[in-house]
Amino acid sequence: MFQRSKKCLLLITGLFAATAAQSQIFPGYHTSQYAGIHAVPFNPASAAGSRYRWDVNIVGADVKAGNTYYTFDKSALLSKDSLRQFIDYFPDTSASRKQYAWGSVDLMLPSALYAIDERQSIAFTWRLRGAANGGGVETSTANFFAINYPDPKYYDRTIAETYAGAYGHSWNEFGFSYARTIKDYGDHRWKAGITLKYLSGQAAGYGVGRDGSFMFKNRNQVDINSGKVAFAWNEELSTIENNDWQSVYSPFQNPGIGADIGIIYEWRPDSDGFGSYEDGTGTWNPDADTWKARFGISVVDIGGISYTKAGDSRDMDMTAENFNAMLLNRMRGESLQQYAQRIGTYFSSEETEDKFYMNLPTSINLMGDYNLNDRFFISASATIGLLSGTTDDNKNHALTQLLITPRYETRHIGAYLPFSVNRYGQADAGLGLRLGPLVIGSASLFSNLARGRVNHADAFVALRVIPIRFSKWSWDKGGDGIFRKRKNNLGCPPL
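So, how was this worked out
Residues numbered from 1 in each chain as written. Predicted model: local features only at pLDDT ≥ 70, side-chain atom pairs only at ≥ 80, totals over all residues. Heavy atoms only, no water. Helix = DSSP H or I, 4+ residues; strand = E, 2+ residues; numbered from the N terminus. Buried < 20%, exposed > 50% of the residue type's maximum accessible area, 1.4 Å probe, protein only. Contact = heavy atoms within 4.5 Å. Areas by Shrake-Rupley, 256 points an atom, 1.4 Å probe, with all protein chains shown as cover. Salt bridge = Lys/Arg side-chain N within 4 Å of Asp/Glu carboxyl O. Phe/Tyr/Trp six-rings, centres within 6.5 Å; stacked < 30°, edge-to-face > 60°. Lys NZ or Arg CZ within 6 Å of the ring centre and 35° of its normal. Core = buried A, V, L, I, M, F, W, Y, C linked by side-chain atoms within 4.5 Å. pLDDT = per-residue confidence, 0-100. Pairing = 2+ DSSP bridges.

**Quick look at the overall build of the protein chain**
Move 1: Helix and strand counts for the protein chain come out as 5 helices and 24 strands.
Move 2: Of all 495 residues assigned to the protein chain, the portion counted as buried reaches 53%.
Move 3: Nonlocal contacts in the protein chain, meaning residues at least 24 apart in sequence, comprise 75% of its contacts between residues at least 6 apart.
Move 4: When the accessible surface of the protein chain is totalled, it reaches about 21,900 Å², and 60% of it is carbon and sulfur.

**Observations regarding the pattern of salt bridges**
Move 1: Taken as a whole and judged by the stated rule, the model has 25 salt bridges.
Move 2: A salt bridge links Lys217 to Asp223; its shortest N-O distance comes to 3.1 Å.
Move 3: Among the residues examined, Lys217 registers a relative accessible area of 28% and is labelled partly exposed.
Move 4: You can call Asp223 buried: its relative accessible area is 9%.
Move 5: Between Asp317 and Lys228 there is a salt bridge; the shortest N-O distance is 3.4 Å. Here the residue Asp317 occupies a position in strand S11 (residues 314–317), and Lys228 occupies one in strand S8 (residues 221–233), the gap between them amounting to 89 residues.

**Concerning the environment of Tyr89**
Move 1: With respect to the element layout, Tyr89 can be found in strand S3 (residues 89–91).
Move 2: According to the relative accessible area criterion, Tyr89 is buried, its value standing at 1%.
Move 3: Sequence-wise, Tyr89 and Ala76 are 13 residues apart; in three dimensions their C-alpha atoms are separated by 8.2 Å.

**Here's the deal with the packing of aromatic side chains**
Move 1: Taken as a whole and assessed by the stated rule, the structure comprises 32 aromatic pairs.
Move 2: Look at Phe231 and Trp233: their rings are 6.2 Å apart centre to centre, the planes differ by 10°, and that puts the pair in the stacked class.
Move 3: The class of Phe231 is buried, set by a relative accessible area of 14%.
Move 4: Judged by its relative accessible area of 14%, Trp233 is buried.
Move 5: Put simply, the rings of Phe124, Trp126, Phe174, Phe176, Tyr198 and Phe252 pair up and form one aromatic cluster.
Move 6: Of note, Arg423 hangs over the ring of Tyr100, and the distance from its end group to the ring centre comes to 5.7 Å.
Move 7: When the ring centre of Phe90 is taken as origin, the NZ or CZ atom of Arg453, which lies over that ring, is 3.6 Å away.

**Regarding the nonpolar core**
Move 1: Among the nonpolar cores identified, the biggest contains 26 residues, and Phe144, Phe214, Phe216, Val222 and Phe347 are the most heavily contacted of them.
Move 2: At the level of secondary structure, the elements contributing two or more residues to this core comprise helix H3 (139–146), strand S7 (188–218), S8, strand S12 (320–324) and helix H4 (336–344).
Move 3: Setting aside residues no more than four positions away along its own chain, Phe144 makes contact with Tyr149, Pro150, Asp151, Tyr154, Ile159, Phe214 and Phe216.
Move 4: If you look at the next biggest cluster of nonpolar residues, it comprises 15 residues, including Leu199, Ala232, Tyr307 and Phe356.

**Some remarks on the confidence of the model for the protein chain**
Move 1: Averaged over all residues, the pLDDT of the protein chain equals 85, while 86% of them reach at least 70.
Move 2: Taken together, the stretch residues 1–21 has pLDDT below 50 and engages in 81 contacts with residues farther than four places along the chain or on a different chain.
Move 3: Counting interchain partners and residues more than four positions distant, the pLDDT-below-50 stretch residues 272–282 has 33 contacts.

**Here we look at the sheet that holds strand S2 (residues 70–73)**
Strand pairing in a sheet relies on backbone hydrogen bonds. The paired strands run either parallel or antiparallel.
Move 1: With antiparallel pairing, the 3 strands of this open sheet are ordered in space as S3-S2-S23. Where the open sheet ends on each side, the last strands, each with one partner, are S3 and strand S23 (453–454).
Move 2: When S2 meets S23, the two strands line up antiparallel, connected through 2 bridges. Paired with Asp73 across the two strands is Arg453, which belongs to S23.

**So, unusual backbone geometry**
Move 1: For the bond running from Tyr149 to Pro150, omega is -15°, close enough to zero to count as cis.
Move 2: Mapping Pro150 onto the fold places it in the loop between H3 and strand S6 (158–185).
Move 3: Backbone geometry places Asp211, a non-glycine residue, at a positive phi of 50°.
Move 4: Within the secondary structure layout, Asp211 lies in strand S7.
Move 5: Of note in this structure, Asn254 is not a glycine but carries a positive phi near 45°.
Move 6: Note on placement: Asn254 falls in the loop between S8 and strand S9 (255–267).
Move 7: Taking relative accessible area as the criterion, Asn254 reaches 15% and is therefore assigned buried.

**Focus: the pairing of strand S16 (residues 376–385)**
Move 1: For strand S15 (residues 363–371) and S16, the ladder comprises 9 bridges, and the chain directions are antiparallel. Across the sheet, residue Tyr370 finds its bridge partner in S16, namely Ile378.
Move 2: Hairpin connection, S15 to S16: the antiparallel pair is bridged by 4 residues, and Asp374 has positive phi, about 75°.
Move 3: The pairing of S16 with strand S17 (residues 401–409) spans 8 bridges and is antiparallel. Bridge assignment links Ser379 to a residue of S17, and that residue is Thr405.

**Some points on the pairing of strand S4 (residues 98–115)**
Move 1: The pairing of strand S1 (residues 54–67) with S4 spans 12 bridges and is antiparallel. The residue of S4 that forms the bridge with Gly66 is Trp102.
Move 2: Across 13 bridges, S4 lies against strand S5 (residues 120–138) in antiparallel orientation. Each residue of the ladder has a partner; that of Tyr100, found in S5, is Gly135.
Move 3: A loop of 4 residues connects S4 with S5, the two strands running antiparallel in sequence.

**Brief notes about H3**
Move 1: H3 sits mainly inside the fold: 7 of its 8 residues count as buried.
Move 2: Regarding H3, the residues found buried are Thr139, Thr141, Ala142, Asn143, Phe144, Phe145 and Ala146.
Move 3: Asn148 lies just past H3 and shows a positive phi near 55°.

Following this line, the structure appears as structure tokens:
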């Protein structure tokens with residue numbers, strides 16, 4: 001059973017955060033020229049030169065979860081019975097690395113992109129996001145609490161941890177984006193974009209331990225030689241009754257400001273300085289994918305939200321001699337708030353601020369894309385989390401990840417084969433599909449189908465509305481078979 005009180009406190013909280021910081025949403029599909037509004041969170045510059053005049057997301061969801069310590073038998077995950085250690089789930093007891101957990105929940109609610117002209121676009125995105133991550137625990141420490149706790153073979157042995165923590169955050173986000181082509185000359189095109197975000201915080205909390213050292217003398221007695229523990233959550237969470245989480249949701253509480261900025265370069269050697277051939281179908285802006293290669297960089301999730309701490313938040317010095325270890329266990333039926341209140345009475349509290357500032361999972365996104373023959377493309381993208389250090393307790397961090405995706409694109413369908421590897425060395429192969437208005441996929445689908453045991457998974461789905469055809473409209477108002485002259489040329493090509 002997972003619900004061993006001590007393990008629940010130090011392993012589940014520290015390693016298995018319920019949802020964790022996002023890396024790339026809609027992986028594989030997010031770099032497509034048909035991604036439209038779904039590409040804006042990765043790089044707001046992608047909105048410029050949109051493939052469609054407008055693009056509306058009805059609803060979309062991207063969910064990820066994973067860890068490095070436990071693997072689970074897939075058949076056991078579908079069972080209603082309690083999970084059994086070494087039968088249904090298996091700890092990685094021999095690892096030499098530290099252990100971590102991560103994931104993401106990103107709900108894109110009604111959102112829209114509108115192309116003002118072929119050079120500039122605006123977009124509005126409404127997202128409800130959850131983020132948390134945890135870990136930093138040495139494998140030997142995880143083994144102590146996870147396997148036969150308290151194992152007598154660890155008695156009279158000092159266990160030390162420099163740093164371990166868990167962080168959780170959920171917030172509402174309204175994004176307002178503007179993107180335009182800032183330079184277009186010959187074979188070269190540059191685009192830039194910015195998203196300004198109005199944030200409203202819903203729930204936030206953290207728990208961090210630093211410089212801890214303890215030794216169990218026996219099952220009931222422990223010497224805590226050193227250690228600092230800090231934990232806090234926002235005051236709204238203390239008002240929840242009967243697990244009614246919806247009661248604390250408000251799209252305008254705990255306001256904050258955020259931003260994304262990005263730039264994209266496109267190399268267009270095959271256009272001879274002219275736009276693409278108008279095929280007469282009336283589809284808007286067929287020039288959107290006439291590049292041979294493109295490269296992009298963006299910095300996303302800049303900013304954060306300030307919260308008032310709940311009254312039971314604490315910064316504590318945990319030093320104690322001959323302490324009753326059983327008092328550290330979470331009692332049956334005891335809520336986390338009640339547990340925090342009780343623990344706070346055992347140790348000396350230190351002075352702490354009344355507020356805390358929760359940083360968003362700021363990251364750098366990189367992208368390269370190559371057009372093989374107008375239908376086949378290959379892209380590489382990377383997310384680099386910037387806040388994964390140990391100096392700041394009030395933050396989330398994105399999962400650093402590299403993704404390579406061959407894809408096949410037509411106007412109405414697309415197929416994406418993402419191959420990825422993250423900072424923990426976990427490699428995956430997946431599948432994404434775009435079928436008219438429906439987008440669905442998983443970056444780990446094939447790899448998890450091939451595995452007997454899994455320790456991470458993801459899935460995404462979105463439903464959108466796009467203009468499939470325009471019967472009597474094109475940018476140059478010309479007839480079929482007309483080249484659209486670009487402004488940097490002096491005249492039309494000879495016929």
